[in-house]
Amino acid sequence: MSSTGRKCMVAICHNGPVVLTKTAQSLMELGWGNRVETAKAAHGFDEISFMWATTFPRVDTLRDSVADLCQAEGFTHILFLDADMIWPTDVLTRMLAHHDKGIVGGLYVMRHEPYAPVALKDGFVPEGDTMIHYVHDQGAIGATELREVDVLGMGCTLIPLSVFDAIGPRPWFEYRNNAQGWPVVTEDVPFCQKAKDAGVRIWLDPTLSCGHVTHMVTDARWAKRYQKATQDTLDALPIKVVPLEVPA
């Protein structure tokens, strides 16, 4: 097979004190048997490499350092996988199928109620605030086609290196702090905002369901259960409850 020049770095950015067993097992399963070779052959990648980035204490700095390394080593894509996740065993083949579509992420949900998708859209700025707020893309649960969004978490997200060139000089990822200097917005939000401003489209693949690990693994099923329980509660109330509309 002739060379395409496509090379993907699979990078886990981890600043926690321990490595979660479920995440380590899931990562090992990605390389089991011929899964890496199958992904390379399916989508014309010359190389798929893996790295576990743990050098710096902050995840935003870790992600920037991974992008620096990948630029220097001639990689064309980064697949970020977070250190508190588990993934389908065929995630490499399925994610690399999107190599020409801009930024694409798999579906995963919050680790706590309301178990909403970590994919955001429809940003608005509340009165008296300075930051853009977003709503979770609840329609992603059960969807079967790519959905364009404004912000993705980095738990399972493929990024072409051309995105970093389009954004311009680093920092590409950075926390946003409040007046006291504490981070209140994680690094994925500013990155996606910069990418959108540079004309990059951001997509969610809702068919690629990943697990978010705490003392249990939450996935899209938790969102469905929570939504159903909430609706059942509303239906059982003796009075009509009208949901509060969030301004666009």
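Here the structure is shown first, and the text comes after it.
Residues numbered from 1 in each chain as written. Predicted model: local features only at pLDDT ≥ 70, side-chain atom pairs only at ≥ 80, totals over all residues. Heavy atoms only, no water.

A.B. asks: Got a minute to help me understand helix H1 (residues 21-30) in this structure?
C.D. replies: One turn of an α-helix holds 3.6 residues; hence residues three or four places apart share an orientation. Buried within H1 are the following residues: Thr23, Ser26, Leu27 and Leu30. Across the axial projection of H1, the buried residues extend over an arc of 100°, all falling on one side. Structural note: H1 exposes Thr21 and Met28 on the side pointing more than 90 degrees away from its buried face. (Buried < 20%, exposed > 50% of the residue type's maximum accessible area, 1.4 Å probe, protein only. Helix = DSSP H or I, 4+ residues; strand = E, 2+ residues; numbered from the N terminus. Arc of directions from axis to C-beta.)

A.B. asks: What exactly am I supposed to notice about the sheet that holds strand E3 (residues 77-81) here?
C.D. replies: Think of a sheet as strands paired side by side through backbone hydrogen bonds, with each pair either parallel or antiparallel. Spatially, the seven strands line up as an open sheet ordered E2-E1-E3-E10-E5-E13-E8, and their pairing is mixed. With one partner strand each, in any of the chains shown, strand E2 (45-53) and strand E8 (147-148) form the two edges of the open sheet. Bridge count between strand E1 (residues 6-13) and E2: eight bridges; the pairing is parallel. Of the residues in E2, the one forming a bridge with Ala11 is Met51. Sheet contacts for helix H2 (residues 35-43): E1 and E2; angle to E2, the most-contacted strand, approximately 135°. (Pairing = 2+ DSSP bridges. Contact = heavy atoms within 4.5 Å. Axes fitted to C-alpha atoms, helices over the stretch in contact; angles between N-to-C directions.)

A.B. asks: Hey, could you run me through unusual backbone geometry in this one?
C.D. replies: Most peptide bonds take the trans configuration, and most residues that are not glycine carry a negative phi. Residues Glu113 and Pro114 are joined by a peptide bond in cis, for which omega reads 10°. With respect to the helices, strands and loops of the structure, Pro114 is situated in the loop between strand E5 (103-107) and strand E6 (119-124). Between Arg170 and the following residue, Pro171, the backbone shows a cis peptide bond with an omega angle of 10°. Note that Pro171 resides in the loop between helix H5 (162-167) and strand E11 (176-177). Phi at Tyr115 is positive, roughly 55°, even though this residue is not glycine. Of note in this structure, Asp122 is not a glycine but carries a positive phi near 55°.

A.B. asks: I would appreciate a short explanation of the nonpolar core in the present structure.
C.D. replies: Considering soluble globular proteins, one finds that nonpolar side chains tend to be buried as a cluster. Core analysis: the biggest nonpolar cluster contains 43 residues, and Ile78, Phe80, Ile103, Ile159, Phe164 and Phe191 have the highest contact counts within it. Among the elements that make up this core, the one with the highest residue count is helix H3 (residues 59-72) (five residues). With near-sequence residues (within four places) excluded, Ile159 lies in contact with Thr76, His77, Ile78, Phe80, Ile103, Met154, Phe164, Phe173 and Phe191. Leu27, Leu81, Trp87 and Tyr108 belong to the second largest nonpolar core, which has 23 residues in total. (Core = buried A, V, L, I, M, F, W, Y, C linked by side-chain atoms within 4.5 Å.)

A.B. asks: Mind showing me how you'd approach the pairing of E3 here?
C.D. replies: Consecutive side chains along a regular strand alternate between the two faces of the sheet. Burial analysis of E3 places five of its five residues in the buried class, which makes it a mostly covered element. Alternating positions in E3 separate into two faces, His77, Leu79 and Leu81 on one and Ile78 and Phe80 on the other, with burial throughout. Bridging between E1 and E3 involves four bridges; their strand directions are parallel. Bridged to Val10 within E3 is Leu79. Two elements, E3 and strand E10 (residues 156-160), share five bridges in a ladder whose sense is antiparallel. Bridge pairing in E10 places His77 opposite Pro160.

A.B. asks: Help me out: how do you make sense of the sheet that holds strand E9 (residues 151-152) in this one?
C.D. replies: Strand order across the open sheet formed by three strands is E7-E6-E9, with antiparallel pairing between neighbours. The sheet terminates laterally at strand E7 (133-136) and E9, the two strands that pair on one side only. With three bridges connecting them, E6 and E7 associate as antiparallel partners. Its bridge partner lying in E7, Phe124 is registered against His133.

A.B. asks: What is the right way to look at the packing of aromatic side chains in this model?
C.D. replies: The geometry of an aromatic ring pair comes down to the distance between the two centres and the angle between the two planes. Overall, the coordinates contain five aromatic pairs when judged by the stated rule. Relative to Phe173, the ring of Phe80 has its centre 5.8 Å away and its plane inclined at 90°; by these criteria the two rings are edge-to-face. Here Phe173 lies in the loop between H5 and E11 and Phe80 lies in strand E3, a separation of 93 residues in the sequence. An identical accessibility class is assigned to Phe80 and Phe173; each is buried. Summarising the aromatic geometry, the rings of Phe164 and Trp172 are spaced 5.1 Å apart at their centres and angled 70° between planes, so their arrangement reads as edge-to-face. (Phe/Tyr/Trp six-rings, centres within 6.5 Å; stacked < 30°, edge-to-face > 60°.)

By themselves, these observations are geometric and do not establish any function.
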